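Given next are the chains, with one letter for each unit.
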Amino acid sequence: VAIFGADKMPRLFPKMSMSEVDEKVRLIAEKVYASALKEEDTKDAMALFTVPEDCPIGLHEDRERALQKELAEQHSQESAKKKKNFMLKRSHSMSLSVSTDWALSLVSPLLSPTIPEPCQPEIFPDFQRVTISGDYCAGITVEDYEQAAKSLLTALFIREKYSRLAYHRFPRTTAKFLHNARDEEWREEDEILPDIWPYPHEGEDPYSMEGIPEDLNYMLQMKDGIVHVYDNAEALKQEQPHSLPYPDLETFAIDLSHVLAMIADGPTKTYCHRRLNFLASKFYLHEMLNEMAELKELKSVPHRDFYNVRKVGSIPIHLVDTHIHAAACMNQKHLLKFIKTTYQTEADRVVLEKGCQKITLKEVFNNLNMDPYDLTVDSLDVHAGRQTFHRFDKFNSKYNPVGASELREIYLKSDNYIKGEYFARLVKEVAAELEESKYQHAEPRLSIYGRSTSEWESLATWFIQHKVHSPNMRWMIQVPRIYDIFRSKKLVPHFAKMLENIFLPLFEATVNPQKHKAIHIFLKYVTGFDSVDDESKHSDHMFSYKSPKPESWTTDDNPPYTYYLFYMYANIMVLNNLRKERGLNTFQFRPHCGEAGSITHLVSAFLTADNISHGLNLKKSPVLQYLYYLAQVPIAMSPLSNNSLFLQYSKNPLREFLHKGLYIQTTNKITRNSVLQSGLSHQEKKHFIGSNYLQDGPEGNDIRRTNVAQIRMAYRHETLCNELSFLVDAVKTESG
């Protein structure tokens, strides 16, 4: 996997051919996909990648087979030699833990070149550590351990490649271990990070049209579902695109196959399952041994508690769900009060147009046979409950106040007869509450559907005209996966047209910002893209390198989830590289993923997403869950939303994920992570959570700002280093 320095733009997407792929890997990957596609519930098919919730991995026969392998291994001189080498390396690693220096070398001697200066006790705390001595490979053969380590490292290399190409974040700790596995030195200057602009300073006009970059007049063309950039008309004619990394479907399918094959691999599943169980047990012991010490740390911090540390994505009362849709950013009481107020003061205002008929607000309510005075929170009926469970259609209908689409059109849309004024006023009232609370920030999602290229201009105009900007808000763009609806209504001829409507205006505003000033200004406050819709919807198409190009996708059927994610990622990646070249802000890809449907969705997101929302289905695959842990992929979980739609609150895996150390963690750690994974700029993150926040472990934690115990930070960091060192030690021992 190629590594690019920060001073050298990642200009090429390393391409591969399907002929280079191991036939066994390809067949296993196809089998996993086919099982998911057919929704087979037989033992053989599901055993490929799922783990029953109420029983340990494997059946009695599998355990007997594993025992026989281990007994045979004991008589193998080669295996005995390998195990001896592993144990020597690990004993050397663990002996370093008695040193007073807290460093990455605590868990592995392989990282000794990166040992920091001797650490201050107050920054690197002493606490009761849980260590395991003896044969750490017990229960798994050396060959299986090697195979699992190689597979996991390969998957991490693949994610690192896709993250760097798209200017997504990749954790420093994991990057250091991967560099070491390749006998390379990790350098801070080589780190790739999102480029997000800070909020305007006080007194600056956030909507100013001054200082907009000059137009480049590049030529743009959608080719194979990806916008290509050409320096001029001649370059377009010669098909010589501007030097940017243009992904191709075949390479993505190959990389995807490697991870898909992993989740069906028995030894890798066993290894990951055992490590995850160990992580959960280790945290239980850590909490039992160090709970009082952590509490003592927190109590010694003046001023800070849960309510006055920075939080992103929370609603204005307290931290509940960690992502927000703009049309639901207000609570139901707020919406009800706003509806009554507008009726009392603007009843005769024309708010709707049907055909040639203009309709006032009073007439709207008369046609609905209701008096706003009689409305209550209950009759407004915008609260999801048990009646929406496993009914995404009913869940979506809750966006219609009193079940009336007319009221949604008037109050919750940015593009309507009143130019989205009521919606803007509602959002600004929520923003005012956030600003008053000081410590809470939000990233509401606004929709771009892909029906036409004019959507972007309309949304940007709404944002500027109504002055919606707030220092406590950044904006996400959500793209619903509803091509099938547009195609059935003859709104688009093929899937490529939908992609063009979504992304071409962004490229045009990047290349020629003077001609698209409103979009250019709006994009300064957009932090990323989301892919949304019902994940449980079935697709009859099995994604592969043979999948038709978007221009050839002309059927009324919706493309599968992975197909959507690849083409969204591909266009965002090219766009980010172009914007970075122009000195403009970049975007993150943060899709809804793993809420329902196949776990193959989570494989696709592992490659393409900066972070994901939901991730419930990680509990079904120990390999994916462990990979998301090793790569520290941020997960925005929403237990209350899930409780109304897909998973009862009592069964939500949030607590389980927290204990194992996935990138969610506990209480104030959640609030710190919400800032880290948000679209806030580097400058704002330094101000909110500490100037060293990019450093991992306690060195990157300013307890005075985050109220997160240094002991907990040290425990999490050391544990992650320990898990990564297992993988690198296996590769190093073999190569040595």
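Here the structure is a predicted model, which means the values were calculated and not measured.

(A) Here's a closer look at the environment of Ala609. Note on placement: Ala609 falls in the loop between helix 21 (600–608) and strand 13 (612–614). Look at Ala609 and you get buried, because its relative accessible area is 1%. Spatially, the C-alpha atom of Ala609 lies 7.6 Å from that of Tyr569, the residues being 40 residues apart in sequence. Apart from the residues within four sequence positions on either side, Ala609 is in contact with Arg159, His168, Phe589 and Pro591.

(B) Up close: unusual backbone geometry. Although it is not a glycine, Glu239 sits at a positive phi angle of roughly 55°. Its place among the elements puts Glu239 in the loop between helix 7 (233–237) and helix 8 (249–263). Although it is not a glycine, Lys490 adopts a positive phi angle of roughly 60°. Considering the arrangement of structural elements, one finds Lys490 in the loop between helix 17 (483–488) and helix 18 (495–511). Relative accessible area serves as the criterion here: at 62%, Lys490 is assigned to the exposed category.

(C) A look at the sheet that holds strand 12 (residues 592–593). Strands sit in the order 12-13-14 across an open sheet of three strands; the sheet is parallel. The sheet is open, and its two borders are formed by strand 12 and strand 14 (635–636), each paired with just one other strand.

(D) Main features of empty space enclosed by the protein. Per the counting criterion, the structure on display carries three cavities of 30 Å³ or more. Around the largest cavity sit 13 residues that line it, and Glu30, Ala253, Ser257, Phe543 and Ser544 are the ones nearest its centre. Only helix 1 (23–38) and helix 8 provide two or more residues apiece to the lining of the largest cavity. A per-class count over the lining of the largest cavity returns nine nonpolar, two polar and two charged. Taken as a whole, the second largest cavity holds about 80 Å³ of empty space. Around the second largest cavity sit Glu160, Arg164, Phe170, Arg172, Ala175, His179, Trp186, Asp190, Glu191 and Ile192, which together line it. The element that contributes the greatest number of residues to the lining of the second largest cavity is helix 6 (residues 172–181), accounting for three residues. In terms of residue class, the lining of the second largest cavity is built from four nonpolar, one polar and five charged.

Rules behind the numbers
Residues numbered from 1 in each chain as written. Predicted model: local features only at pLDDT ≥ 70, side-chain atom pairs only at ≥ 80, totals over all residues. Heavy atoms only, no water. Helix = DSSP H or I, 4+ residues; strand = E, 2+ residues; numbered from the N terminus. Buried < 20%, exposed > 50% of the residue type's maximum accessible area, 1.4 Å probe, protein only. Contact = heavy atoms within 4.5 Å. Pairing = 2+ DSSP bridges. 1 Å grid on protein atoms, 1.4 Å probe; cavity = no way out; pocket = protein on both sides within 12 Å on 5 of 7 lines; lining within 4 Å. Points joined across faces, edges and corners; volume = space filled by probe spheres on them. Nonpolar A, V, L, I, M, F, W, Y, C, P; charged D, E, K, R; others polar.

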